[in-house]
Structures are given as structure tokens and as C-alpha cells.
Amino acid sequence: MDVFYREWERRAPGETRDLGRARRLAGALDLLAPDAPVLTIVGSKGKGTAATYASAFLAAAGLRVCTVTSPGLRTDRDRIRVDGRAVSEAELASLAAALDGAAAGLPPPAGGYLSPAGLFTIAGVLHARRTGADVIVLEAGMGGRSDEVGLFTPDVAAITPIFREHAGVLGDTPAEIAEEKLGVAGPDTLVLSAPQSPEVAEVLGAVELVEEGGSGLAPDLLPAGLGRGSAELGAAAARRLPGAAEPPDEPLREVLSSIVLPGRLSWHDVPGSATRLLIDSAVDRTGVAAALAAARRAWGTVDHAVVCLPDHKDVGGAIAALDGLPVTFVRLPLPHLRFTHALPSGWDVVGSDAITPESLATLGHRVAVLGTGYFTGLVLGVVDAGTERLFLTSASPRRS
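Let us look at the structure shown here. (Residues numbered from 1 in each chain as written. Predicted model: local features only at pLDDT ≥ 70, side-chain atom pairs only at ≥ 80, totals over all residues. Heavy atoms only, no water.)

## With respect to the nonpolar core
The nonpolar side chains of soluble globular proteins are, as a tendency, buried together. To keep things clear, this is the line we draw: Think of a nonpolar core as a cluster: buried Ala, Val, Leu, Ile, Met, Phe, Trp, Tyr and Cys residues, connected wherever their side-chain atoms sit within 4.5 Å. When a residue's accessible area, from a 1.4 Å probe over protein chains only, is under 20% of the maximum for its type it is buried; when over 50% it is exposed; and in between it is partly exposed. Contacts were defined at the residue level, with two residues in contact if any of their heavy atoms lie within 4.5 Å.
One finds Phe4, Leu25, Leu31, Leu99, Ile122, Leu138 and Phe152 to be the most contacted residues of the largest nonpolar core, which totals 48 residues. If we ignore the near neighbours within four places in the chain, the residues touching Phe152 are Ala26, Leu31, Leu32, Pro34, Val38, Thr40, Thr121, Ile122, Val125 and Leu138. Core analysis: the next-biggest nonpolar cluster, separate from the first, contains 41 residues, Ile279, Ala295, Phe339 and Val379 among them.

## Some points on the environment of Ala235
The following threshold applies: Secondary structure elements are defined from DSSP: runs of H or I of at least 4 residues count as helices, runs of E of at least 2 residues count as strands, and each element is numbered from the N terminus.
Summarising the element assignment, Ala235 is placed in helix α8 (residues 227–239). Taking C-alpha positions, Ala235 is 8.3 Å from Leu58, a pair spaced 177 residues apart along the chain. Ignoring anything within four residues of it in the chain, the contact list for Ala235 reads Ala54, Phe57, Ser215 and Leu217.

## Describing the environment of Gly263
Structurally, Gly263 is set in the loop between α9 (249–257) and β11 (266–269). Judged by its relative accessible area of 1%, Gly263 falls in the buried class. A sequence separation of 16 residues divides Gly263 from Ile279, and the C-alpha atoms of the two residues are 5.0 Å apart. Setting aside its immediate chain neighbours within four residues, Gly263 contacts Ile279, Asp280, Ser281 and Leu380.

## What about unusual backbone geometry?
Following Ser70, the chain continues to Pro71 via a peptide bond in cis, the omega torsion being -5 degrees. Here the phi dihedral of Asp30 falls at roughly 60 degrees; this positive angle occurs in a residue that is not glycine. Counting through the fold element by element, Asp30 comes out in the loop between α2 (19–28) and β2 (38–42). You can call Asp30 exposed: its relative accessible area is 61%. Even without a glycine there, the phi angle at Leu265 is positive, about 50 degrees. Structurally, Leu265 can be placed in the loop between α9 and β11.

## Digging into the sheet that holds strand β10 (residues 208–209)
Worth spelling out the cut-off: Strand pairing is defined by DSSP finding a minimum of two bridges between the two strands.
On the basis of which strands lie adjacent, the open sheet formed by 8 strands has the order β5-β4-β3-β7-β2-β8-β9-β10 and mixed pairing. The sheet is open, and its two edges are formed by β5 (85–86) and β10, each paired on a single side.

## A short note on the pairing of β11
Within a regular strand, side chains alternate between the sheet's two faces. Judged by which residues are buried, β11 turns out to be one-sided: Ser266 and His268 face inward and are buried, whereas Trp267 and Asp269, on the alternate face, are not. Sheet topology places β11 next to strand β12 (residues 276–280); 4 bridges connect them, and they run antiparallel. Of the residues in β12, the one forming a bridge with Trp267 is Leu278.

## Thoughts on a negative patch on the surface
The cut-off we apply is this: Like-charged residues within 9 Å of one another, or nonpolar side chains (Val, Leu, Ile, Met, Phe, Trp, Tyr) within 5 Å, are grouped into patches, provided each residue has over 30% relative accessible area and no salt bridge. Computed by Shrake-Rupley with a 1.4 Å probe, the accessible areas treat only the displayed protein chains as cover when residues are assessed. We define a salt bridge as a side-chain nitrogen of Lys or Arg found within 4 Å of a carboxyl oxygen belonging to Asp or Glu. Counted as positive: Lys and Arg. Counted as negative: Asp and Glu, with His and the chain ends omitted from the count. All charge positions are set by atom: Lys at NZ, Arg at CZ, Asp at CG, Glu at CD.
The grouping of Asp172, Glu176, Glu179, Glu199 and Glu202 at the surface amounts to a negative patch. Elements with a contribution of two residues or more to the negative patch: α6 (174–182) and α7 (198–204). Looking at where Glu179 falls in the secondary structure, it is placed in helix α6. Residue class for Glu179 comes out partly exposed when judged on its relative accessible area of 47%.

Structure, rendered in C-alpha cells:
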């Protein structure tokens, strides 16, 4: 299984992902022309929600859907799903073995590495072929042109809201970042977008805009909060994928009503306590404020916030939105994430190993957990949240 992380863990300072070697690896596995239509989702926020709703919409239409998302919710199995269900340990091990064998035939690394997110993307496309998937839904890990999803030219691309993130990596301005993410599209790709800032919209040009209500879905089938627009975008993009028929009303309602979005305004009990969590992958001032507003609507008040935001996120904006709340800030021991931003003097600062059911239970009965997907995934694991299935189809076993 170490094939997914081997080169990344051994990378030298300054090295970046090697898209050329990733392309050769995909070529060695005969994957560069996938056997099924591809829908690729890029953007700064809401990609996972868009991917889930796109996949559920296609499954409701009777199609077999292979979905690749990044990062996983709790484990690496969560990154690759068929009809909403995570691959098994055995399936992931078999995919790893296939990648390992193909990688052995490549020239050794020279100034770059095969990235974990890229390898899981390639593994997902391989799994789609093995399982006879009718359609493939890919969520970009970070960029567009510079991400391994760009190895598989999409039939349809969906762009969630774009803002300034990963500055200096994807670009220095929202416009430059938008240009990089738009680069995932080929000359024949149909591109749809959520509403964007004027600066980003100018770069995207004449793409198809999906505004509120543009999915045609009933409001009660959509999530609350900021994720609603991404859900509508995902469904609208799925509808435009070649071979996708409009799902009948009853299966569509059944499948979409079963969707769960762990870590996206999701509610969880802390085992062995009276503490309840709102977990949301909010990474900027707007997202943090929206999550806190949802918590206050449900609870009336928030006792404590547990937050994890590396430097490339909107730490300053989050600090402003959290003003007046007791906060515990968590730093993850991940070498590719930096946590050097100045924090308010009254905040507690801890490492990720301090986050346990027992420590969460000491923070009060109403706790908001906010931050990057790596962190919300960690907390989902701490409270043993269910992430095996994101939605149910007519062929799925029902939840107990």
C-alpha cells in the first residue's frame, strides 16, 4: 500500500509533483482514454459536495458511477467509490499492487515525485474500468491543469467557487488561479460554473453558469448552507454528461434523500458524553461565519470552537468570524502544511493527538469543529462517524 505515498515521503526539498511520470504511469496501465465519460470538478470550495450530488444524480439514472475524491473522509478507501460506497481494503490493495507493478517499469524519479492524490486518481480510473463503470466523476485535489485529473480530458467540467488559495502555487490572484483550474478542460469539454466573483468570471468567459435553481432539483433535496450551490452545480453538470438520461422522479428523490455529507455541516455525538459536534470543512471567513450561524440556529449558542487552518487558508478571516468564542486551535503534523500565522493570545493551541472523545467532551455540550478536510476527517474518525456510504441506490443494502 505504500505505493501511494512512497515517492512523496522521499521527496527532496523543492521537488514538485511530476505530471509527466504520472502520465507515463497512466499510459502503462492503458488508462489515458477512459472507457467511460468523465465529469471533472475543480474549484476552491464545494468540490466534494458537487461530486457527491453529481454521482448520486447519475446513479439515480441507473448508471454505475465511479467517484474519486480528495482527500478521503476518514481513510484512503473513502477516496474511491462505486455508487457511493467506498472500495474495500482488498480492492484498494489490488489497485495498489497494479500501480506498484506499473511504476516499477518507469524511469526513477528525477526532480519530481508521483503525488498521493494523483496516484489515487489513477487508481480510481483503473477501478472504474475493472468494475465496468458507466461514468467517472473526478474531484481535483488542488488545481486543474497542474492536477493529475488533467490527464483524463473531461467530457464535462464543473467549476465550484474560486477564491485566492494556494497563493504562489496555483497563482497569485483569483484570476490566475481561475485560469489554472480552467486549464483542466479540453477543446471539446463542456464547462459549467457556479456563480463567481467578477474577476474570476472574466477569466472563465462564456462558460455555462448554474445559478440558484439551475439544477431543477426540489429545494428539499438540496443541502442547507453554502453547499447548496455546489450541489446544484454537480447535478446540473451530471445532467449534461454524455449518456446520462433524466432520472425518474421516484428514484431521484430516493437516492438524493439518502445523501450524507460528513464534514459538511454534519452533526455528530461524541461517544460516551452529552457533547454534540457540528463538523464543517470551512476554510475562510464566509464559511466559518455560515457554520457558526447554522450552529446557533440549532443550539442557540456555541460553547467552544475547535479549529484547524494552515497558513494557505483564510486564517485572518476565520479569526474575525470567531471573535468572542473560546477557541482551541489544532496544528497537524503534516510536513506540507504550515501553521505559522499569528493567533489570538486567548486561544489554546494543541497538536492533533490531543483531539480525543474525552478532550472534546470537556469543551461543552455544543462544539463547532471547523477547518481543512484533513482535520475534519481526523475528527470524524475520533467520533467514529459513518463514511462507508454517501448515498443509497435501489440496489444498496438499507441502513440499519
